[in-house]
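Per-entry structural report
Below are the chains, spelled out letter by letter.
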Amino acid sequence: MHDPVSHADQVYASASSPVASSAVVASWRRCMTMHHLAPEDRRMPERVTEQELDVARKQSERLIGQARDELDRLFLVVGRAGCCILMTDTKGIALDRRGAAGDDKDFRALGLWTGSVWTEESIGTNGIGTAIADDRPISIIRDQHFFASNIDLSCTTAPIRDHRGVLAGALDVSTCRSDANEGTIAILSQTVREAASRIELNLFRNAFQGARFVMVPSETGSPMALLAVDRDDLVIGATRAARSALRLDDDRIAEGIPASDLLHESSRDARELLGDAERSALLRALSRVHGNVSLAAQVLGVSRSTLHRKMKRFGIQ
């Protein structure tokens, strides 16, 4: 067990330094200077009412729906290891959770329950609140928490972004196990980040149903750099990674940019591109009827002789 007095002394000494030596110390300083919290206090996270929780869930209805299966899969991986899973909105309100029934009493006593508010303002430095404040994944291990009452808790959190790359919530895995070392937390952290990425992909695909998805080459090689493209090759959506790689924003997307222009796929003139489009349409029609020219002509609404002329023009056998 950690000594709460020594922990408070460490927080005060580190936060008083003129330079924040880490993201944790920077968070400690925010807790003291912005939120006027004291590390020696023992407190639970604030809670919203059932009515307020219902409102928060309704506002994040799409996030909850697209994350449900992923939370179940994540729990199958970490649940038996004494871990609790929380998913929150951008205000740190726990909207959904997973936990083993045998651990529920301990987790509920710590506030790891739906309706709890895990912001820095509510409960000091913690995985969810600090990930939201810093807008990046983070792990807070035991005495890196601000309050002495949380120094037996270890948590790792990743932000979740919506189809526009805007913060939609956070995904957290927490444990009270004393044998959870930095190596274990590092593995959990990778698992949480991957699960958050899959939820983001679910949100993106759901928002642009019927679109074609194109991977964008990026310096990091991130599989999350995706464009949503309509039938006319116009970009109608982009993930945060794609927006960063291509310097896209909502205004540029709203203008209607051809994906081929963004990806520099072609330098040919409009006439050549139009010819390619027509050739592709002919090939698709023929493929769908297994090469039957008469049926393809009917599908395209042209005569058989017209189709033959076009096939000859484009070198289609």
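This text follows the structure it describes.
Below or above, wherever it landed, is the structure these notes cover. (Residues numbered from 1 in each chain as written. Predicted model: local features only at pLDDT ≥ 70, side-chain atom pairs only at ≥ 80, totals over all residues. Heavy atoms only, no water.)

This part is about the overall build of the protein. When helices and strands are counted, the protein shows 14 helices and 8 strands. Relative to the compact-globule value of 20 Å for 317 residues, the protein shows a C-alpha radius of gyration of 26 Å, a clear excess of over 25%. Dimensions of the protein, computed from C-alpha atoms along their principal axes, come out at roughly 90 × 45 × 40 Å. Considering only contacts in the protein between residues 6 or more positions apart, those separated by 24 or more positions represent 56%. For the protein, the accessible surface area stands at approximately 16900 Å², while carbon and sulfur atoms represent 50% of it. Each charge class in the protein can be summarised by its mean position, and for the 40 positive and 43 negative side chains these summaries are 10 Å apart. (Helix = DSSP H or I, 4+ residues; strand = E, 2+ residues; numbered from the N terminus. Rg over C-alpha atoms; globule rule 2.2 N^0.38 Å. Contact = heavy atoms within 4.5 Å. Areas by Shrake-Rupley, 256 points an atom, 1.4 Å probe, with all protein chains shown as cover. Lys, Arg positive; Asp, Glu negative; His and termini not counted. Charge placed at Lys NZ, Arg CZ, Asp CG, Glu CD.)

On to the sheet that holds strand 7 (residues 226-229). Strand pairing in a sheet is mediated by backbone hydrogen bonds. Such pairs are either parallel or antiparallel. The antiparallel open sheet is built from 3 strands, whose spatial order is 6-7-8. Each edge of the open sheet is held by one strand with a lone partner, namely strand 6 (212-215) and strand 8 (235-238). The sheet shows a mean angle of 30 degrees between the axes of neighbouring strands, direction not considered. Here 4 bridges tie strand 6 to strand 7, and the two strands are oriented antiparallel to one another. In the sheet register, phenylalanine 213 faces strand 7, and the bridge partner there is alanine 228. The sheet contacts of helix 8 (residues 182-207) involve strand 6, strand 7 and strand 8, and relative to strand 7 the element is tilted by about 15 degrees. (Pairing = 2+ DSSP bridges. Axes fitted to C-alpha atoms, helices over the stretch in contact; angles between N-to-C directions.)

Turning to the pattern of salt bridges, a few remarks are in order. Close approach of charged atoms lets side chains of opposite charge pair. On inspection of all chains with the given rule, the structure shows 13 salt bridges. The closest approach of N and O atoms between glutamate 70 and arginine 198, which form a salt bridge, is 2.9 Å. Of this pair, glutamate 70 sits in helix 4 (residues 61-78) while arginine 198 is found in helix 8, placing the two residues 128 residues apart along the sequence. Residue glutamate 70 is classed as buried on the basis of its relative accessible area, which comes to 2%. Between aspartate 72 and arginine 98 there is a salt bridge, and its shortest N-O distance comes to 2.7 Å. In this pair, aspartate 72 sits in helix 4 while arginine 98 sits in strand 2 (residues 94-98), placing the two residues 26 residues apart along the sequence. Under the relative-accessibility criterion, arginine 98 is labelled buried at 14%. Salt bridges linked by common partners bring Arg30, Glu120 and Asp134 together as one network. (Salt bridge = Lys/Arg side-chain N within 4 Å of Asp/Glu carboxyl O. Buried < 20%, exposed > 50% of the residue type's maximum accessible area, 1.4 Å probe, protein only.)

It is worth spelling out the environment of isoleucine 185 at this point. Turning to its location among the elements, isoleucine 185 is positioned in helix 8. By relative accessible area, which is 2% here, isoleucine 185 ends up buried. Along the primary structure isoleucine 185 and isoleucine 253 are separated by 68 residues, whereas in three dimensions their C-alpha atoms are 39 Å apart.

Attention shifts here to the side chain of serine 122. Note on placement: serine 122 falls in helix 6 (residues 120-123). A polar atom in the side chain of serine 122 sits 2.7 Å from the backbone oxygen of valine 117. Serine 122 has contacts with Arg43, Met44, Pro45, Glu46, Val117 and Phe147, leaving out every residue within four places of it along the chain. (Polar contact = N/O pair within 3.5 Å; in protein donor to acceptor, adjacent residues only side chain to side chain.)

The next point concerns helix 8. For helix 8, with 26 residues, the first-to-last C-alpha span of 37 Å sits near the 38 Å given by 1.5 Å per residue. What helix 8 keeps buried is the set Ile185, Leu188, Ser189, Val192, Ala195, Ala196, Ile199, Glu200, Leu201, Leu203 and Phe204. For helix 8, the side-chain oxygen to backbone nitrogen distance between the N-cap and glycine 183 is 3.1 Å, and the N-cap itself is asparagine 181. (Expected span 1.5 Å × (residues − 1).)

Below, the discussion takes up the packing of helix 1 (residues 4-15) against helix 2 (residues 23-33). Here helix 1 crosses helix 2 at 95 degrees, and the two axes come no closer than 9 Å. In terms of their interaxial angle, helix 1 and helix 2 are classed as roughly perpendicular. For the pair helix 1 and helix 2, the contacting residues are Gln10, Val11, Tyr12, Ser14 and Ala15 in the first and Val25, Trp28, Arg29 and Met32 in the second. Across the contact of helix 1 with helix 2, the residue classes break down as 6 nonpolar, 2 polar and 1 charged. (Parallel < 35°, antiparallel > 145°, perpendicular 65-115°, else oblique. Nonpolar A, V, L, I, M, F, W, Y, C, P; charged D, E, K, R; others polar.)

One way to put it is that helix 4 packs onto helix 8 with a least axis distance of 9 Å and a crossing angle of 150 degrees. With respect to helix 8, the element helix 4 is oriented roughly antiparallel. For helix 4 against helix 8, the interelement crossing comes out right-handed. Contact residues: helix 4 offers Arg62, Leu63, Gln66, Ala67, Glu70, Leu74 and Val78, while helix 8 offers Leu188, Thr191, Ala195, Arg198, Ile199, Asn202, Leu203, Asn206 and Ala207. Classifying every residue of the contact of helix 4 with helix 8 gives 9 nonpolar, 4 polar and 3 charged. (Left-handed = near helix turned anticlockwise from the far one by under 90°.)

Right, let's talk about a nonpolar patch on the surface for a bit. A contiguous nonpolar patch, built from Val299, Leu300 and Val302 and spanning about 220 Å² of accessible area, is present on the exposed surface. Along the chain, the position of valine 299 falls in helix 13 (residues 293-300). Among the residues examined, valine 299 registers a relative accessible area of 55% and is labelled exposed. (Patch = residues over 30% accessible without salt bridge, like charges linked within 9 Å, V, L, I, M, F, W, Y side chains within 5 Å.)

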